[in-house]
Amino acid sequence: MTKEVVFTSDAVPPLTAFSQAIKSKGFVYLSGNIGCTSDFTIVEGGVQGQTVAALENMSKILEASGSGLQHIVKVNVYLTNLTRDFSEMNSVYISYFDQNAMPARTCVGVASLPLGASVEIECVAELPED
């Protein structure tokens with residue numbers, strides 16, 4: 001199986017340096033998603049609003065790839081203020097997943113994110129068998 005670019009106009013468009021996602025060997029690899037609108041404006045609501053926007057965008061890309069949030073196996077979360085925003089982000093994040101089958105996850109603090117975002121989320125998901 002060769003790699004396949006995933007694109008959906010329903011999600012925030014990618015910049016020219018990357019794809020929204022790539023499908024390869026039974027998995028879909030999503031690029032990082034920040035909480036912004038399609039015109040690259042950071043959404044209101046702080047880290048919680050941005051987390052909602054990022055996860056909703058990820059859901060659209062996963063759906064376009066033939067997968068979904070329920071098929072995510074690994075998540076990486078990046079926060080610009082880990083101490084302040086970790087629990088706020090988690091309160092939103094956990095509502096998107098089955099509490100008995102949470103994906104593996106790493107969450108790290110970073111110096112800055114694109115457009116001044118507070119959170120960026122990327123993931124790897126399985127492509128369900130037909």
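Anything mentioned here points back to the structure above.
Residues numbered from 1 in each chain as written. Predicted model: local features only at pLDDT ≥ 70, side-chain atom pairs only at ≥ 80, totals over all residues. Heavy atoms only, no water.

### Concerning the overall build of the protein chain
For the protein chain, the helix and strand inventory stands at two helices and six strands. Its helices and strands in sequence order give the protein chain the pattern β-β-β-α-β-α-β-β, from N to C terminus. Taken against the 2.2 N^0.38 rule, which gives 14 Å for 130 residues, the C-alpha radius of gyration of the protein chain at 14 Å falls within 12% of a compact globule. A total of 130 residues make up the protein chain; the buried ones form 40% of that total. Look at the contacts in the protein chain between residues 6 or more apart in sequence, and 70% of them connect residues 24 or more apart. Counting only carbon and sulfur atoms, one obtains 52% of the accessible surface of the protein chain, whose full area is about 7,000 Å². Positive and negative side-chain charges in the protein chain, numbering 7 and 14 respectively, have mean positions lying 8 Å apart. (Helix = DSSP H or I, 4+ residues; strand = E, 2+ residues; numbered from the N terminus. Rg over C-alpha atoms; globule rule 2.2 N^0.38 Å. Buried < 20%, exposed > 50% of the residue type's maximum accessible area, 1.4 Å probe, protein only. Contact = heavy atoms within 4.5 Å. Areas by Shrake-Rupley, 256 points an atom, 1.4 Å probe, with all protein chains shown as cover. Lys, Arg positive; Asp, Glu negative; His and termini not counted. Charge placed at Lys NZ, Arg CZ, Asp CG, Glu CD.)

### A closer look at helix α1 (residues 46-65)
The periodicity of an α-helix, 3.6 residues per turn, causes residues three or four places apart in sequence to face the same way. Here α1 is 20 residues long and its end C-alpha atoms lie 29 Å apart, about the 28 Å a rise of 1.5 Å per residue gives. Turning to α1, its buried residues number three or more, namely V47, G49, Q50, T51, A53, A54, L55, N57, M58, I61, L62 and S65. On its buried side, α1 packs onto β1 (4-6), β2 (21-24), β3 (27-34), β4 (72-79), α2 (82-93) and β6 (119-126). In the stretch just after α1, G66 is the one whose phi turns positive, near 95°. (Expected span 1.5 Å × (residues − 1).)

### So, the side chain of N57
Following the sequence through the fold, N57 ends up in helix α1. In contact with N57, not counting residues within four places along its chain, are A11, V12 and N33.

### Things to note about the environment of F86
Looking at the secondary structure, you find F86 in helix α2. The class of F86 is partly exposed, set by a relative accessible area of 34%. Remark: the alpha-carbon pair of F86 and V47, spanning 39 residues in sequence, is separated by 9.0 Å. When sequence neighbours within four positions are dropped, the list of residues in contact with F86 reads L79, N81, R105 and C107.

### Some words on the pairing of β3
Pairing between β2 and β3: four bridges, direction antiparallel. Bridge pairing links K23 to V28 in β3. Of the strand pairs in this sheet, β3 and β6 are connected by six bridges, and their pairing is antiparallel. If you follow L30 over to β6, its bridge partner there is C123. (Pairing = 2+ DSSP bridges.)

### Notes on the nonpolar core
V28, L30, L62, I72, V77, M89 and I121 are the most contacted members of the largest nonpolar core, which totals 25 residues. Only β3, α1, β4, α2 and β6 provide two or more residues apiece to this core. A per-element tally of this core places α1 first, with six residues. Each residue touching L62, except ones within four places of it in the same chain, is listed here: V28, L30, S67, G68, L69, I72, C123 and A125. (Core = buried A, V, L, I, M, F, W, Y, C linked by side-chain atoms within 4.5 Å.)

### Observations regarding the pattern of salt bridges
Counted by the stated rule, this structure contains two salt bridges. Note that K23 and E4 form a salt bridge whose closest N and O atoms lie 3.9 Å from each other. Taken as a pair, K23 in strand β2 and E4 in strand β1 lie far apart in primary sequence, 19 residues in all. Judged by its relative accessible area of 39%, E4 falls in the partly exposed class. When the shortest N-O distance is used, the salt bridge between R84 and D85 registers 2.8 Å. Here D85 falls in the buried class, since its relative accessible area comes to 5%. (Salt bridge = Lys/Arg side-chain N within 4 Å of Asp/Glu carboxyl O.)

Nothing here speaks to function; it is geometry throughout.
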